[in-house]
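# Topology and contacts: notes
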Amino acid sequence: MARNKHPEETVQLILAVAFRLFMEKGYEHTSIQDIIDQLGGLSKGAIYHHFKSKEDILIAVTDQMTAESNQMLALIRDRADLNGREKLKAIFKESISRPVQNDIFTVAPDFHNNPKLLFSLLHDTMDNAAPNYILPIIRQGISDGSIETDYPEQLAELILLAANVWMNPMIFDSTEEESWRKFMVFRRMLQGFGLDIVDDEILERIQELTSIYQKKKHG
């Protein structure tokens with residue numbers, strides 16, 4: 001039945017299966033055959049018709065993971081009713097509250113088992129999200145007086161790396177207490193730039209996601 005699907009549906013099926021296996025087993029421990037076994041009759045040739053290699057599948061999975069997030073970033077970046085500081089605050093609230101976050105933290109991917117996936121996400125953060133979404137907001141904030149920094153490019157990278165990597169319990173297996181301490185340092189750091197943009201509501205959400213992850217990972 002799967003081989004009668006339209007090509008777009010076949011690609012989405014491959015990506016959905018690959019994403020689940022990468023999350024459960026890790027990229028390094030997932031083979032093309034593992035993916036085929038979950039595709040309901042699709043052949044290896046059908047996979048290679050759409051993807052040259054497992055790494056190509058990883059790239060497509062990462063693109064899909066970041067596409068929704070980047071769309072949200074673009075919508076907030078382009079709003080005309082907010083200043084730069086307000087846009088950064090809106091991004092934090094929207095990012096942390098998205099329901100898909102619950103799904104990701106429930107799956108509890110082991111990023112130690114997924115170095116290629118982690119690197120791919122880092123690559124998107126540094127080469128795409130920071131310069132194309134956060135940096136223009138910081139530059140706007142400098143212009144409208146809501147953000148003070150002489151180093152907009154570095155601040156854009158630092159904010160995303162701290163929020164997406166250093167504070168991510170799935171990367172460092174942080175406990176709720178450790179997540180709380182990291183959040184406090186992160187909040188103080190932002191306040192040093194005049195950015196009082198992360199509040200207790202965001203802290204509670206981070207601890208909620210950390211709890212979801214810890215319960216799944218450690219039973």
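Look a little higher up for the structure.
Described in the following lines is the structure provided in the data block. (Residues numbered from 1 in each chain as written. Predicted model: local features only at pLDDT ≥ 70, side-chain atom pairs only at ≥ 80, totals over all residues. Heavy atoms only, no water.)

## Quick notes on helix α8 (residues 152–166)
Under the convention used in this document: Secondary structure counts use DSSP, requiring at least four H or I residues in a row for a helix and at least two E residues in a row for a strand, with both numbered from the N terminus. Given the number of residues in a helix, its expected span is that number minus one, multiplied by 1.5 Å. A 1.4 Å probe rolled over the protein chains alone gives each residue an accessible area, and that area as a share of the maximum for its type sets the label: buried under 20%, exposed over 50%, partly exposed in between. Working rule for contacts: check all heavy atoms of both residues, and any pair within 4.5 Å makes them a contact.
In this model, α8 (15 residues) spans 20 Å end to end at C-alpha, consistent with the 21 Å of a helix rising 1.5 Å per residue. For α8, every residue scored as buried is listed here: Pro152, Leu155, Ala156, Ile159, Leu160, Ala162 and Val165. Structurally, α8 contributes buried residues whose contacts are with α5 (84–97), α7 (115–144), α9 (169–172) and α10 (176–192).

## A few points about unusual backbone geometry
Here Asp173, not a glycine, exhibits a phi torsion of approximately 55°, which is positive. The topology assignment puts Asp173 in the loop between α9 and α10.

## Focus on the packing of α8 against α10
Worth spelling out the cut-off: For helices, the fitted line uses only the C-alpha atoms of the stretch in contact; every axis is such a line through C-alpha atoms, and the angle between N-to-C directions lies from 0 to 180 degrees. The cut-offs work like this: below 35 degrees is roughly parallel, past 145 is roughly antiparallel, 65 to 115 is roughly perpendicular, and the gaps in between are oblique. Only Asp, Glu, Lys and Arg are considered charged in this grouping, and only Ala, Val, Leu, Ile, Met, Phe, Trp, Tyr, Cys and Pro are considered nonpolar; every other residue, Gly among them, is considered polar.
Running from N to C, α8 and α10 cross one another at 170°; their axes reach a closest spacing of 11 Å. Considered as vectors, α8 and α10 are oriented roughly antiparallel to each other. Side by side, α8 and α10 meet where Leu158, Ile159, Ala162, Ala163 and Trp166 of the first sit next to Lys182, Val185, Phe186, Met189 and Leu190 of the second. Each residue belonging to the contact of α8 with α10 can be placed in one class, and the counts come to nine nonpolar, no polar and one charged.

## A word on the packing of aromatic side chains
Heads up, the condition is: The criterion for an aromatic pair is that two Phe, Tyr or Trp rings (for Trp, the six-membered ring) have centres within 6.5 Å, with stacked assigned to planes under 30 degrees apart, edge-to-face to planes over 60 apart and tilted to the rest.
Scanning all chains against the criterion turns up one aromatic pair. Summarising the aromatic geometry, the rings of Phe92 and Phe186 are spaced 5.7 Å apart at their centres and angled 65° between planes, so their arrangement reads as edge-to-face. Linking Phe92 in helix α5 with Phe186 in helix α10, this pair joins segments that are 94 residues apart in sequence. With relative accessibility at 2%, the residue Phe186 sits in the buried group.

## Structural notes on the environment of Leu13
You can see Leu13 is positioned in helix α1 (residues 7–25). Each C-alpha atom of the pair Leu13 and Leu39 lies 7.3 Å from the other, and the pair is 26 residues apart in sequence.

## Considerations on the layout of surface pockets
Worth spelling out the cut-off: Whether a set of points on the 1 Å grid over the protein atoms alone is a cavity depends on a 1.4 Å probe fitting there but being unable to get out, while an open set qualifies as a pocket with protein on both sides within 12 Å along at least five of seven lines; lining residues are those with an atom within 4 Å of a point. Grid points are joined across faces, edges and corners, and a volume is the space filled by probe spheres set on the points.
Each pocket or cavity is described by its volume, and for the largest pocket that value is around 1100 Å³. Together, 46 residues line the largest pocket, and Ser69, Arg98, Gln101, Asn164 and Asn168 are the ones closest to its centre. Secondary structure elements with two or more residues in the lining of the largest pocket: α4 (54–77), α5, α6 (100–107), α7, α8, α9, α10 and α11 (200–218). With eight residues, the single largest contributor to the lining of the largest pocket is α4. In the lining of the largest pocket, the residues fall into 32 nonpolar, 10 polar and four charged. Of the pockets and cavities examined, the second largest pocket occupies roughly 180 Å³. Lining the second largest pocket, in full, are Glu55, Leu58, Ile59, Thr62, Asp63, Lys116, Phe119, Ser120 and Asp124.

## As for the pattern of salt bridges
Formally: Put simply, a salt bridge is a Lys or Arg side-chain nitrogen that is within 4 Å of an Asp or Glu carboxyl oxygen.
Here the structure, examined in full by the defined rule, presents 10 salt bridges. A salt bridge links Arg139 to Glu153, with the shortest nitrogen-to-oxygen separation between them at 2.6 Å. Here Arg139, found in helix α7, pairs with Glu153, found in helix α8; they are 14 residues apart in sequence, far enough to count as distant. Looking at Arg139, the relative accessible area reads 40%, which means it is partly exposed. Linking Glu177 and Arg181 is a salt bridge whose minimum nitrogen-to-oxygen distance equals 2.8 Å. Linking Glu177 with Arg181, this pair stays in helix α10, spanning four residues, or about one helical turn. Judged by its relative accessible area of 42%, Glu177 is partly exposed. What emerges from the salt-bridge pattern is a single network uniting Lys93, Asp199 and Glu201.

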